[in-house]
Structures are given as structure tokens and as C-alpha cells.
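Report on the structure
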Amino acid sequence: MPTSFDQSVIDEFRANGGRVGGPFEGADLLLLTTTGARSGKETTTPLGYVRHGDTPLVVGSALGAPSHPAWYHNLLAHPVVRVELGTRTFEALAVPAEGARRDALFAHVVREAPGYAGYQARTTRILPVVALERAEPEGWEARAETVSLADKLMEVHTWLRGQLRQVRAEADAHFAARAAHQGPGEPPSPGLGLQIRQRCLAFCQSLRFHHTSEDAHLFPGIARHHPHLADTFARLAEEHRSIARIQDELVALLAGIGIADPARFRAELERMSVELNAHLDDEEERLLPLLAEVPWPPPAPAPADPEAPAAGPARTEPTEPSEPHVNG
């Protein structure tokens, strides 16, 4: 949970279209919502930012404290974040900069906001610089018209395919930068390792959420009206477990990209890509005809009949207490 001070800033920000008074009057401020690395709960943090072109940059300064702020640990675990900037709200892919790129971006930040140099001087840790990049893969656009659940499924699948293509393109760029190194010494880091990791993790988490939603809600809902499809859905659920294994392999593969043999890495990534795309193709063949007549978004529930007998008290389930969260 945000501290009481943070919450007052958040409330003022949202009430005034991104403008905040007091010590932050005139400052460039955004709200960053991350998902807890351990708790899985959303937390919103007000942060100063600096623009680099069209990309907002945030710095994990914690005012020069010895440890990285909690929001930074959160975005390493869950790269897709929500950003509120002025009156706009959008999803972003949080990508920490590495090596020479981090140094160049931090120098840019200090030119725009010199106070960050003081925060760096207070601590021996290297302050992370995080670019809040476009979450969607390059070239992706939402469908112009989504009127059925089949349309929505294709939109999700197109997004997933685009993310996978971008992971492959960024891996190729990584190896091209390594191959271009000439002269003595170790090749310089191309600075794409974390970017690829964040993109891959976003893809894997989105695919896992998509499959979980299908197994828990979509398939049982359709099976109630089409019981003869129960075996089909059971096979798809089994495929989802196999895909989860491939996702784990993909994350492990990308973790070693800095030292990987390019030919072997590309062969493994291609094998996994083929399996993942084949699963999406198969799912579309089986599901699209069933979903074409299901409207999207779902229609609003019908209003209650005022003459119907009153229902008894709702039964509530106990909930676990939320995990304490420390803001950075």
C-alpha cells in the first residue's frame, strides 16, 4: 500500500489532471503502478521522470538510499506496468538500461534534473535508469472493430505473436552487435540483455494469463452449452501445460544470452517459436468457429426484477491479509 503521503500525492495528481502542488509544484511527475514481486498486488508510486525523446525515464534513486526501491524489484518480476502521465493512462514495458546505455541515459537525466547526481553521490549502488517503453510489439495495432469473442481471441493471439517476433528480432540485434566487435579484448555488451529479458517475460506472463483465463472461465463456460466439446477443452488444457514448460525453457534460454553460442541459441529459439505458434494456430482452428457468435464486450447483466423476492444475505469467503509493501 502507498504511504499516507504518497496517497495524498496520488489523489491530488488524479484530481487535477497530473498537476500537484506543494514541494512537487511544477515538477514532472507520473504515477507508476507495478505488480508486487512476491505479493502479486498492485501498488502505485508517484515518481519524478525525465523525457528522452518520447520515452519517459524513471530513476530508482530512493533519495540515495543503500537499496533499490520496491517498485524497481517489482518491475523486474513483472515488466508490464501502468503509467499515468497528465491525463493519459497507458501500459508500458519497463526496461532497465545497461552498461554504456545506462550511463548515457543517466547523464541525460542529470542534465535535465541535477538533483539525481546528488542521490548517486550518497550511495555506492548504481542507480537504475528505467525506460518506460511501448508495451505493444512493433507494428501491432488493435483491431479496428472487435464485436465477438473470436475477434478478441485473434487480437490477443496477434499481440502474442508480435511479442515473440520482437524477442527474436532483439536477439538477432544482440548477436549482430557481438559479431561486429573487432580488435583485442572482450566484445562490449550491446546492452540488450535486460531488454530481451523484459520483453520475453512480458510475453510469457501474458500467455500464462491468457491460458489461465481460458482454462478457468472460457472453456467451462462454453462446455456448459456444448458438452460434446469437453474432450477438446481437456486436450487444450493439456497443451497449455506443455506450453508452460516451453515458456520456462524460453526464460532459461534468454537468461544465458550474454554467453550463448549464437547458432545454438537461434536454433533453440526457433524450435520454441515454432511450437508456440503451432499451438496458437491449433487453438484458433478449434475455437474461432465456437466464439464467432459470442458478443464482445459481454452484454451488461439484466437489471434485477424489483418484484422478485429478496435474496438472502450474500455469503462471503474469508480473504488472506495483504502483504505489507514498502514504497521506494
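Below: a short report on this structure. The model shown is predicted, which means the values in this text are computed figures rather than measured ones. (Residues numbered from 1 in each chain as written. Predicted model: local features only at pLDDT ≥ 70, side-chain atom pairs only at ≥ 80, totals over all residues. Heavy atoms only, no water.)

**Section: the overall build of the protein**
What counts, and what does not: Numbering of helices and strands starts at the N terminus; helices are DSSP runs of H or I of at least 4 residues and strands are runs of E of at least 2. Relative accessibility under 20% of the residue-type maximum defines a buried residue, over 50% an exposed one, and the middle range a partly exposed one, all with a 1.4 Å probe and only protein chains included. Every residue pair with non-hydrogen atoms within 4.5 Å of one another is taken to be in contact. Every accessible area reported is derived by Shrake-Rupley at a probe size of 1.4 Å, with residue values counting cover from the shown protein chains alone.
What the protein contains, in helices and strands, is 8 helices and 7 strands. A buried classification covers 41% of the 328 residues belonging to the protein. The long-range fraction of contacts in the protein, counting pairs at least 24 apart against all pairs at least 6 apart in sequence, stands at 71%. Accessible surface, the protein: about 18,300 Å² in total, of which carbon and sulfur atoms supply 56%.

**What about the pairing of strand S2 (residues 42–48)?**
Side-chain direction in a regular strand flips from residue to residue, so the side chains alternate between the two faces of the sheet. The line we're drawing: Should DSSP find at least two bridges between two strands, the strands are taken to pair.
Summarising burial for S2: 5 of the 7 residues are buried, a large majority. Sheet topology places strand S1 (residues 29–35) next to S2; 7 bridges connect them, and they run antiparallel. Paired with leucine 32 across the two strands is threonine 45, which belongs to S2. Taken together, S1 and the strand that follows it, S2, pair antiparallel across an intervening segment of 6 residues, in which glycine 40 is found at a positive phi of about 75°.

**A short note on the pattern of salt bridges**
Heads up, the condition is: Throughout this description, the term salt bridge denotes a Lys or Arg side-chain nitrogen within 4 Å of a carboxyl oxygen of Asp or Glu.
According to the stated counting rule, one finds 15 salt bridges in the structure shown. The shortest N-O distance in the salt bridge between aspartate 172 and arginine 266 comes to 2.9 Å. Residue aspartate 172 is located in helix H5 (residues 149–179), and its partner arginine 266 is located in helix H8 (residues 262–291); the two are separated by 94 residues in the primary sequence. In this structure arginine 266 comes out as partly exposed when scored by relative accessible area, which is 37%. Across the salt bridge formed by arginine 286 and aspartate 282, the nearest N and O atoms sit 3.0 Å from each other.

**As for the sheet that holds strand S7 (residues 129–134)**
To keep it simple, the criterion reads: Axis definition: a line fitted to C-alpha atoms, over the contacting stretch in the case of helices. Angles run 0 to 180 degrees between N-to-C directions.
In space, the 7 strands of this open sheet follow the order S2-S1-S5-S6-S7-S4-S3, with antiparallel pairing throughout. Looking at which strands have only one partner, the edges of the open sheet turn out to be S2 and strand S3 (50–52). Neighbour to neighbour, the strand axes of the sheet diverge by 35° on average, direction disregarded. As defined by bridge partners, strand S6 (residues 88–96) adjoins S7 across 5 bridges and the pair is classed as antiparallel. When the bridges of S7 are listed, valine 95 appears paired with alanine 131. Contacts from helix H1 (residues 4–15) reach S1, S2 and strand S5 (80–85), with the element oriented near 115° to S1.

**Examining the pairing of S6**
Bridging between S5 and S6 involves 6 bridges; their strand directions are antiparallel. The partner of valine 81 across the bridge, within S6, is alanine 92. Turn length for the S5-S6 hairpin, with the two strands adjacent in sequence and antiparallel, is 2 residues, and the turn residue glycine 86 shows positive phi of about 65°.

**Topic: the side chain of threonine 34**
Examined against the element boundaries, threonine 34 turns out to sit in strand S1. Those residues in contact with threonine 34 that sit more than four places away from it in its chain are Lys41, Glu42, Thr43, Trp71, Asn74 and Val81.

**Here's the deal with the environment of alanine 292**
By the element assignment, alanine 292 lies in the segment after H8. Along the primary structure alanine 292 and leucine 149 are separated by 143 residues, whereas in three dimensions their C-alpha atoms are 6.4 Å apart. When sequence neighbours within four positions are dropped, the list of residues in contact with alanine 292 reads Ser148 and Ala150.

**Topic: H8**
Put simply, the rule reads: In a helix, the anticipated span is given by 1.5 Å times the number of residues less one. Note on bend: at a given residue it equals the angle between the axes fitted to the 7 residues ending there and to the 7 starting there.
Helix length check: H8, at 30 residues, gives a terminal C-alpha distance of 41 Å against a target of 44 Å (1.5 Å per residue), a fit within 8%. Along H8, the helix axis deviates most sharply at glutamate 285, where the bend reaches about 35°; the proline proline 289 sits within four residues downstream.

**A closer look at the packing of aromatic side chains**
The relative placement of two aromatic rings is captured by the distance of their centres and the angle of their planes. Operational definition: Each aromatic pair joins two rings of Phe, Tyr and Trp (for Trp, the six-membered one) with centres within 6.5 Å, and gets the label stacked for planes under 30 degrees apart, edge-to-face for over 60, and tilted for any other angle.
Per the counting criterion, the structure on display carries 4 aromatic pairs. Both rings, one in tryptophan 71 and one in tyrosine 72, keep their centres 6.4 Å apart while their planes meet at 85°; by these two values the pair is edge-to-face. Judged by relative accessible area, which is 1%, tryptophan 71 ranks as buried. Residue classification places tyrosine 72 among the buried residues on the basis of a relative accessible area of 9%.

**A short note on helix H3 (residues 99–112)**
To keep it simple, the criterion reads: The directions from the helix axis to the C-beta atoms are what the arc is built from.
Spanning 14 residues, H3 covers 20 Å between terminal C-alpha atoms, matching the ideal 20 Å at 1.5 Å per step. Within the span of H3, buried status applies to Arg102, Leu105, Phe106, His108 and Val109. Buried residues of H3 fall within an arc of 155° about the axis and therefore sit on the same side. Opposite the buried face of H3, by more than 90 degrees, sit the exposed residues Ala100 and Arg111. Of the surrounding elements, those touching the buried residues of H3 are S3, strand S4 (55–59), helix H4 (115–121) and S7.

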